[in-house]
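Next come the chains, spelled out residue by residue.
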Amino acid sequence: MSGSAALPQLFIGLMSGTSLDGVDGVLADFSGPQPRVLAHHAMPFASALKQELLALNAASDNELHRAALAANGLVRVYAYTVHALLANTQTQPRDVRAIGAHGQTVRHQPGAFDGTGYTLQLNNPALLAELTGIDVVADFRSRDVAAAGQGAPLVPVFHQGIFSQVDNTVGVLNIGGIANLSVLHSNRDVLGFDCGPGNALLDSWCQQHTGKAFDDNGTWGASGAVIAPLLQALLAEPYLEQMPPKSTGRDLFHPTWLTHRLSGFANADAADVQATLTEFTARACLNDVLRHAPDAKELITCGGGALNGFLMSRLQAGLPHVRVLSSADRGMPPLQVEAAAFAWLARQTLLGLPGNLPKVTGAQGARILGGIFKA
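A few points on the structure. For every chain, the first residue of its written sequence is number 1, and the numbers climb from 1 along that sequence. In view of the model being predicted, local features appear only for residues whose pLDDT reaches at least 70, and side-chain atom pairs are presented and counted only at 80 or more, with totals across whole chains, interfaces and linings using the full set of residues. Based on all heavy atoms of the structure, the side-chain values leave hydrogens and waters out of the count.

1. A word on the packing of helix 8 (residues 228–235) against helix 10 (residues 270–292)
The contact between helix 8 and helix 10 brings their axes to 10 Å, and the two run at 40 degrees. The orientation of helix 8 relative to helix 10 falls into the category oblique. The handedness of the crossing between helix 8 and helix 10 is right-handed. Touching Leu230, Leu231, Gln232, Leu234 and Leu235 of helix 8 are Val273, Thr276, Leu277, Glu279, Phe280, Arg283 and Ala284, all from helix 10. In this classification, Asp, Glu, Lys and Arg are treated as charged, Ala, Val, Leu, Ile, Met, Phe, Trp, Tyr, Cys and Pro as nonpolar, and every other residue, Gly included, as polar. Class assignment of the residues belonging to the contact of helix 8 with helix 10 gives a composition of eight nonpolar, two polar and two charged. A fitted line through C-alpha atoms serves as each axis, taken over the contacting stretch for helices, and the angle formed by two N-to-C directions is quoted from 0 to 180°. Note on conventions: DSSP H or I runs of at least 4 residues are helices, E runs of at least 2 residues are strands, and numbering of each starts at the N terminus. Our angle categories are set so that under 35 degrees counts as roughly parallel, over 145 as roughly antiparallel, 65 to 115 as roughly perpendicular, and the remainder as oblique. Here is the rule for handedness: rotate from the far helix to the near one, and if that takes an anticlockwise turn smaller than a right angle the crossing is left-handed, while a clockwise turn gives right-handed. Throughout, a contact is declared for two residues whenever any of their heavy atoms are within 4.5 Å.

If you want it as structure tokens, here you go:
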């Protein structure tokens, strides 16, 4: 990941994932052998925007109009994040080569319906370029889907660049709304796919029963007891047994999916359900680590789920011979990794280099993943 003297090496990456908790932005310097995060800024979504983005994950009235306005609202949060990064580092817009802006995924159906399917991210990169005065690279997933790929996950090759080890297989588990695993082999082979739910079901249940946006450190879940029959019903989801390449999202793992599986547990204690959902997320991830990275010596965790101490303890308990650690222990805090990856993807696009490997997503060829919107 060494830099190129022909281009400025400052890039901004923005990430808003399926957790719908807000935007993480980083200003990263790619002039050295490894990317260096100069600043990180997190900006939560206003409640109204969060609820609209969540509602647009399902069919509803007047979707085109509402989606366009939600995209504008999202981009204004992006622009605020960019301005905060610039102000915090006293950086001028002209010194930033590009912004990598992923957008907000609201539908993800690769290969479905007509053989091609689609992936849809709400975004308005043209507006973001206008509001910031910086070139924007966006629309990262659709080319991969057009090439018969899954369009996700897009971070494994970036994970390889910053976390791989010469002599060991390393697993990198990103736990956002959905959990995805990168398997980094010492021979430079990379495997990446979505395991299943990460925080999406946990956060939804927590919001419904406590009024809090998430289970801080997993404390509420840790107070409950796993309901074994419910856990088995959750683990019976066919997606978990599919072989990669594969990807998923709120199209599958949504509150209605959970409600159907709770139909026989009407009297279950809410904290016990939270404990069971935490164990479900852990088991889905553990099963994939054991299946696809049985020789891994480390499992590096990132994303918001890496801050859930109860979830981390369940992962470690299931992998007694593997060291489960935070990405912060390897030089990049959990909430910065994906944003830094999109900064890197923007850089790859400007350099004319592919941002992913075909075998990760199943695409027919390595593709440049972004589209460029000039400021």
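2. Quick word on the packing of aromatic side chains
When the centres of two rings from Phe, Tyr and Trp lie within 6.5 Å, Trp using its six-membered ring, the rings pair. Their planes under 30 degrees apart give stacked, over 60 give edge-to-face, and anything left gives tilted. If you walk through the whole model with that rule in mind, you get seven aromatic pairs. Plain terms: the ring middles of Phe113 and Tyr118 are 6.2 Å apart, the flat faces sit at 15 degrees to each other, and that makes the pair stacked. Categorising residues by exposure relies on relative accessible area from a 1.4 Å probe, with only protein chains included: less than 20% of the type maximum marks a residue as buried, more than 50% marks it as exposed, and the intermediate range marks it as partly exposed. Under the relative-accessibility criterion, Tyr118 is labelled partly exposed at 34%. Relative to Trp257, the ring of Phe253 lies with its centre 5.1 Å away and its plane at 70 degrees, an arrangement referred to as edge-to-face. On the basis of relative accessible area, Trp257 is assigned to the buried category, the value being 4%. Members of the aromatic cluster, connected to one another through ring pairs, are Tyr239, Phe253, Trp257 and Phe280. Counted as over-ring charges are cases with an Arg CZ or a Lys NZ within 6 Å of the ring centre that also lie within 35 degrees of the ring normal. Between the NZ or CZ atom of Lys246 and the centre of the ring of Tyr239, over which it lies, the distance is 4.4 Å.

3. Considering helix 10
For a helix, the expected span equals 1.5 Å multiplied by the residue count minus one. With 23 residues, helix 10 ought to run about 33 Å at 1.5 Å a step, and its terminal C-alpha atoms sit 33 Å apart, in line with that. Capping the start of helix 10, Asp269 holds a side-chain oxygen 3.0 Å from the backbone nitrogen of Ala271, two or three residues further along. Distance and chemistry together define a polar contact, namely a pair of N or O atoms within 3.5 Å, with one atom able to donate a hydrogen and the other to accept it when in protein, and with adjacent residues in sequence counting only for side-chain atoms on both sides.

4. Describing the sheet that holds strand 12 (residues 323–326)
An order of 10-9-8-11-12 is seen for the five strands of this open sheet, with the pairing classed as mixed. Of all strands in the sheet, those bounded by a partner on one side alone are strand 10 (190–197) and strand 12. Ignoring which end each strand starts from, the neighbouring axes of this sheet average 20 degrees apart. Strand pairing requires that DSSP identify at least two bridges connecting the strands. In this structure, strand 8 (residues 169–175) lies alongside strand 11 (residues 296–302), joined through six bridges in parallel fashion. Counted as the bridge partner of Val172 is Ile300 from strand 11. The strands touched by helix 10 are strand 8, strand 9 (178–184), strand 10 and strand 11; relative to strand 10, the strand with the most contacts, the crossing angle is about 155 degrees.

5. Comments concerning a nonpolar patch on the surface
Grouping into patches uses exposed residues only, defined as over 30% relative accessible area, and leaves out salt-bridged ones; the cut-off is 9 Å for like charges and 5 Å for nonpolar side chains (Val, Leu, Ile, Met, Phe, Trp, Tyr). All accessibility values rest on the Shrake-Rupley procedure with a 1.4 Å probe; residue burial counts only the protein chains present in the view. By salt bridge we mean one thing: a side-chain nitrogen of Lys or Arg within 4 Å of a carboxyl oxygen of Asp or Glu. A cluster of nonpolar side chains, contributed by Phe113, Tyr118 and Leu120, occupies part of the molecular surface with about 340 Å² of accessible area. Looking at the element boundaries, Phe113 is found in the loop between strand 5 (104–110) and strand 6 (117–122).

6. Considerations on the pattern of salt bridges
Under the criterion given, the structure shown has eleven salt bridges. Across the pair Arg261 and Glu237 runs a salt bridge, and its minimum N-O distance is 3.6 Å. Linking Arg261 in helix 9 (residues 255–261) with Glu237 in the loop between helix 8 and helix 9, this pair joins segments that are 24 residues apart in sequence. The class for Arg261 is partly exposed, based on a relative accessible area of 24%. Arg330 is paired through a salt bridge with Glu298; the nearest N and O atoms lie 2.5 Å apart. Of this pair, Arg330 sits in the loop between strand 12 and helix 12 (337–350) while Glu298 sits in strand 11, placing them 32 residues apart in sequence.

7. A word on the sheet that holds strand 2 (residues 22–29)
The strand order 3-2-1-4-7-13 describes an open sheet built from six strands, whose pairing is mixed. Every interior strand has two partners, whereas the edge strands, strand 3 (36–44) and strand 13 (371–373), have only one. Pairs of neighbouring strands in the sheet enclose a mean axial angle of 20 degrees, with direction left out of account. Two elements, strand 1 (residues 10–15) and strand 4 (residues 98–101), share four bridges in a ladder whose sense is parallel. The residue bridging Leu14 from the neighbouring strand is Ala101, located in strand 4. Against the sheet, helix 2 (residues 63–89) touches strand 1, strand 2, strand 3 and strand 4, its axis set at about 140 degrees to strand 3. The sheet contacts of helix 12 involve strand 1, strand 2, strand 3, strand 4, strand 7 (136–138) and strand 13, and relative to strand 1 the element is tilted by about 125 degrees.

8. Considering the nonpolar core
Among the nonpolar cores identified, the biggest contains 33 residues, and Phe140, Phe158, Phe163, Val172 and Leu345 are the most heavily contacted of them. Every element with two or more residues in this core is listed here: strand 1, strand 2, helix 5 (156–163), strand 8, strand 11 and helix 12. The biggest single contributor to this core is helix 12, with nine residues. Residues within four places of Val172 in sequence aside, it is in contact with His159, Phe163, Asn180, Leu181, Ser182, Leu184, Leu299, Ile300 and Cys302. Residues grouped as a nonpolar core are buried Ala, Val, Leu, Ile, Met, Phe, Trp, Tyr and Cys residues, joined through side-chain atoms within 4.5 Å. Within the second largest apolar cluster, 32 residues are counted, among which are Leu20, Val23, Val77 and Ala129.

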